[in-house]
Structures are given as C-alpha cells and as structure tokens.
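# A structural walkthrough
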Amino acid sequence: MFSFTQDTMAAHREKKSEEGNHRSARNGAHTPQAQWGRAWEVDWFSLASILFLLAFAPLIVYYFIMSCDQYQCSLTDPLINLLMGNKHLSDIWSKTPSLTYTAAGIYTAWVAFQVILYAFVPDFCHKVLPGYVGGVQEGAVTPAGVVNKYEVNGLQAWIITHILWFANAYYFHYFSPTIIFDNWIPLLWCANILGYVVSTFAMIKGYFFPTNAKDCKFTGNFFYDYMMGIEFNPRIGKWFDFKLFFNGRPGIVAWTLINLSYAAKQQELYGHITNSMILVNVLQGIYVLDYFWNEAWYLKTIDICHDHFGWYLGWGDCVWLPYLYTLQGLYLVYHPVQLCTANAVGILALGLVGYYIFRMTNHQKDLFRRTNGNCKIWGEKPDYIECSYMSVDGTKYYSKLLTSGFWGWARHFNYTGDLMGSLAYCLTCGFEHILPYFYIIYMTILLTHRCIRDEHRCYSKYGKDWKRYTAA
Ligand code: NDP
C-alpha cells in the first residue's frame, strides 16, 4: 500500500541559514516566499466578486430549487411572471415550504451521524481493501511549515451510510427513500443555518483561538476574511478537521444519497426509473466513490493545500454542493427523460472517457510525487523540472514538476476530463431546459478560475522555476 506521507518526503527539508546562495542558484532568489498561500491584500475586483457572492449565492440556490418546486424547473418562467406582474415575490415566497421540525430533526441526525463516523470510528477499510490508502495520513506542508495529520475514513463513512440506506429501503422501512426529495426545501433552510453557523464560528475562532496562529491570514477586510477564511486548517481537538469534514461529509456523502432519493421519487411517481436517472446515479456515483477512494490524495489538492476555511468552503460545502451539484437528478424527477439507446451509450462513453482522463491525470501526478520521480509514465521515465520553495519560517523545500504524460500536454488536463464528465451528466437531461446545464457552466467557470488561481499560487511558490516549467 502506498503511503502519502512519502509525498512530503519528496520535499526535502533544509534550513535557509544553510542555504542562502544555493537558493539563489535554484530559484532566482526572488521567490516571494511570504506571499505563498492566499492573498494578504484585497483588490477591488475580488472585493466586488465577494460581495456579489455573499449577497446572491444563497438566492441563486433558492431560485433554482424554487423553480423546480413551483415552475417545473423553468428558470425563465418565474422571472417572466414577476416582470409581467402576474406574480409578486410574496406569492412565490408564500408557496415556499418553510422550516419544519421534521427537516430539522432529519438534518441534525444526519450531521450528527456523519460527525460520529468521522470523529469516532477509526478507519478499517485500509486494513482490508488492497490498494486503498486510509487511516492516519499526512497532508501537504502548509505555508507556515506545518504538516497536519488526518484520519482518512471517508470511504468507510460512505459505505456504512449507504449500507444503512439500502437496509432501510429494502428491509427496515423506518423512513421512505424519498425522504430527501420530500423535505428538500425545508432541508435547504437547515443546510443554510449550518453553513452560516460554521463559517461564523470559523471566523471567530480565527481571531480568538486559532489552531495554528502562524497559518492565519488577516486582510483587514471583514467581508474578504469572512468569505475566504482566516484559519488555514481549523480544528477542534487533535483530529476534527473542518476542511476534511465539511468538504467530504456531509456534502459529498450526501450527493449519492440525494440522487438515490430522486430515483426513488421517480419510481413512486411514474412506476419506473428512466435510463437518464440511472446514468446520473452511475456517473456521479463513480465520481463520488473516486473521491472517497482517493481521499488521502485529496489532502494534496488546492482545497486543502491553498484555501483557508471560510464561508466559501463552509457554506459552499453545506449548501452549494449538495443543492446545485445534484440538479440533474432533481430535474429528472420533474421531467423523466427516457434516452434512446444510442444517446444513452454516447453519454455513458463521454462520461467514462472523461472520468478516465480525470483519474489518469491525477494519478500520474500523484504517482510521480509519491515516488519522487522514480516511476514510469506511459511506459517511460518521466521528464520533470526541479523546483524549490520556502515556508514563512525560512525552511527550504525541494520538489519536482512533471512534464510527461498528460502533464506534458497541458497544465490541468484533469480539469478537461472533469468537464467532459460534467457535460455527460447534463446531457442526460436532454435539451428542453437550461437548468440542468448549470453544472457544466459552473464547472467551466470554477475550473478556469482555478487555473488562474493556481497559476498565481505556483508562481508565488516556485518563482523562476515555475517560469521554466510553463515554458517547457
Ligand atoms: P490539481 O490537481 O491540478 O493540482 C494543482 C497543484 O498540483 C498545483 O498547485 C501544484 O501544487 C501541483 N502541480 C501543478 N503542476 C504540477 C506538475 N506538473 N507536476 C506535479 N505537481 C504539479 O488541481 P486541484 O487541486 O484544483 O484539483 C484536483 C482535482 O479535483 C481535479 O481533478 C479537479 O478536476 C477536481 N476538482 C473538482 C471540483 C468539483 O467541484 N467537482 C472542484 C475542484 C477540483 P504543489 O506543487 O504545491 O504541490
């Protein structure tokens, strides 16, 4: 079994004091070391974007879900109705289900169950599943030079949750498998409450009792700090890591359950489940399982290695992800599309090829980093660029940037594969409405923005070495 701890070994530690001249030779001496990580200063464009998102992101989520609930998933009808004066905002609002005790109970039980699985059930899967990396793993080096340990047990949490779901659906019948769909809007209020509580708590914690003060960043701008976070890796106790918990569970564990609930609703309403619904469940199920199978690897992705924990991650994981990533299944409850065989096979092929590219590109980087370049990429020894960087305490690290395989073709071919998969989910819904295509539009914006952010981050981190890499 591979250990991700070796990744950090690839970044050899050396002290700046022993390194001065050597550093200049390797890195052009002007790696802006203290800048690595998220911004210290806020430009007007970032501030405007943040204010826009804080004000409108919750409304966008509400608008999409309400459109399905009241307008059969038409995004234009509510607007037209309002503009023509046929309806007032108060009409729409009065038809919106409010928070209920049932939803509050379901949501509290759900989150509490995931907390228990995360915090109190050590991983067993890595002991029995060959090739799976779980249990205690190390994250990447933070800008302050800290290497955090994580209890990686997401796959186990996902399996236990789904076994219980199916046991209930087919045997115990304690609750209906349509429970999520049936309480979808009341649950939205609960998810929002948790999202805001956790983001606000993270902000207060960053000021008054941070887990690691050296990895905190304050821009002085309240809105920016609230949105993008102050603490890098907020924790309660030694193991309860906010980023790992909220990123994966409750959001991503819920993703497949939400889709299953939509499929159950189709069955209840129409007496059968369409092939488009099966495709959405299968393709998104592969993506979710991939996430949990590779959870240890995700410790090295931008969410964990770059982003601080604020509203963007806290509210985003609680509300944005479960509600907007699952729009295709929701749409198919209202519009049960039955695809012809050729279209279904074509969409399946697009989704699987996209997944293959996504996984192989990620795998190549992971294998390369884990073995410190002692591996084969497409049957040959990999080409790479040697690079170095510094943490704020002046410790110098060495690393390598791969220029073979998919990483020799483009800087983020994994994003290309991800976008192909995203398009496949949307295509299952046909072309009658724009709503299910939100996902591909959003992912294109998200991943393009990520390319720009990553470019900035890697240049800040590696300086001239990054220039050499991009030139190569
Ligand atoms: P990447 O996996 O592309 O990671 C970028 C980081 O990898 C860089 O910051 C750098 O980190 C390192 N790196 C860059 N180039 C190289 C190279 N040539 N050789 C070795 N290391 C390199 O991006 P993300 O972390 O954003 O994404 C991970 C996956 O998650 C992607 O497949 C993406 O599609 C998916 N994703 C999905 C989302 C969703 O909502 N569904 C959201 C975001 C991501 P360093 O050198 O510092 O280690």
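Relevant structure appears above.
Residues numbered from 1 in each chain as written. Predicted model: local features only at pLDDT ≥ 70, side-chain atom pairs only at ≥ 80, totals over all residues. Heavy atoms only, no water.

## What to know about the overall build of the protein chain
Worth spelling out the cut-off: Strands here mean DSSP runs of E at least two residues long; helices mean DSSP runs of H or I at least four residues long; both are numbered from the N terminus. It is over C-alpha atoms that the radius of gyration is taken, and the globule rule equals 2.2 Å times the number of residues to the power 0.38. Remark: exposure states derive from per-residue accessible area (1.4 Å probe, protein chains only) relative to the maximum for the residue type, with buried under 20%, exposed over 50%, and partly exposed in between. Note on contacts: a residue pair qualifies if any of its non-hydrogen atoms lie within 4.5 Å across the two residues. We count Lys and Arg on the positive side and Asp and Glu on the negative side, and we leave His and both chain ends out. By convention, the charge on Lys lies at NZ, on Arg at CZ, on Asp at CG and on Glu at CD.
Summing up its helical and strand segments, the protein chain has 23 helices and seven strands in all. A compact globule built from 472 residues should have a C-alpha radius of gyration of about 23 Å, and the protein chain, at 23 Å, falls within 12% of that. In terms of overall dimensions, the protein chain has C-alpha extents of about 70 × 50 × 45 Å along its principal axes. The buried share of the protein chain, taken over its 472 residues, is 56%. Sequence separation of 24 or more characterises 77% of the internal contacts of the protein chain that already satisfy a separation of 6 or more. Each charge class in the protein chain was averaged separately, 35 positive and 33 negative side chains, and the resulting centres sit 7 Å apart.

## Regarding the state of the cysteines
What counts, and what does not: In this description, the term disulfide denotes a pair of cysteine sulfurs within 2.5 Å.
Scanning the model with the defined rule gives one disulfide in all. Each sulfur of the disulfide joining Cys-68 and Cys-73 lies 2.2 Å from the other. Disulfide Cys-68-Cys-73: the torsion about the S-S bond is 115°, which places it as right-handed. Cys-429 takes part in no disulfide bond, and the closest cysteine sulfur to it belongs to Cys-426, at a distance of 7.0 Å. For Cys-429, a relative accessible area of 2% translates into the label buried.

## A few points about the site of the ligand
We count it as follows: Put simply, a residue is near a molecule or strand once any heavy atom of it comes within 4 Å of that molecule or strand. In protein, a polar contact means a hydrogen-donor-capable atom and an acceptor-capable atom, both N or O and within 3.5 Å, with residues adjacent in sequence counting only if both atoms are side-chain atoms; elsewhere, any N or O pair within 3.5 Å suffices. The Shrake-Rupley method, run with a 1.4 Å probe, gives the accessible areas here. Residue values count only the displayed protein chains as cover.
Neighbouring the ligand are 28 residues; Asp-418, Arg-450, Asp-454, Lys-461 and Tyr-462 lie closest to it. For the ligand, a nitrogen atom lies 2.8 Å from a polar atom in the backbone of Leu-402. Between the ligand and Arg-450 there is a distance of 2.6 Å, counted from an oxygen atom to a side-chain nitrogen or oxygen. Here the ligand loses 94% of its free accessible area of 920 Å² to cover by the protein chains. Of all elements in the fold, only α15 (295-298), α19 (341-370), β7 (395-402), α21 (413-427) and α22 (438-462) reach the threshold of two or more residues within the shell around the ligand. At nine residues, the largest contribution of residues to the shell around the ligand is made by α22.

## Some details on the environment of Val-337
Take Val-337: it is sitting in the loop between α18 (327-334) and α19. In this structure, the C-alpha to C-alpha distance between Val-337 and Gly-430, residues 93 residues apart in sequence, is 7.1 Å. Setting aside its immediate chain neighbours within four residues, Val-337 contacts Thr-274, Asn-275, Ser-276, Leu-332, Thr-428 and Cys-429.

## Quick notes on a nonpolar patch on the surface
Condition: Exposure above 30% relative accessible area and no salt bridge define the residues that can form patches, which grow by joining like charges within 9 Å and nonpolar side chains of Val, Leu, Ile, Met, Phe, Trp and Tyr within 5 Å. In the sections that follow, a salt bridge refers to a side-chain nitrogen of Lys or Arg positioned within 4 Å of a carboxyl oxygen of Asp or Glu.
Where nonpolar side chains cluster on the molecular surface, the patch consists of Phe-201, Ile-204, Tyr-207, Phe-208, Phe-209, Phe-218 and Ile-236 and spans about 710 Å² of accessible area. Counting residues per element, the nonpolar patch draws most heavily on helix α10 (residues 184-208), which supplies four residues.

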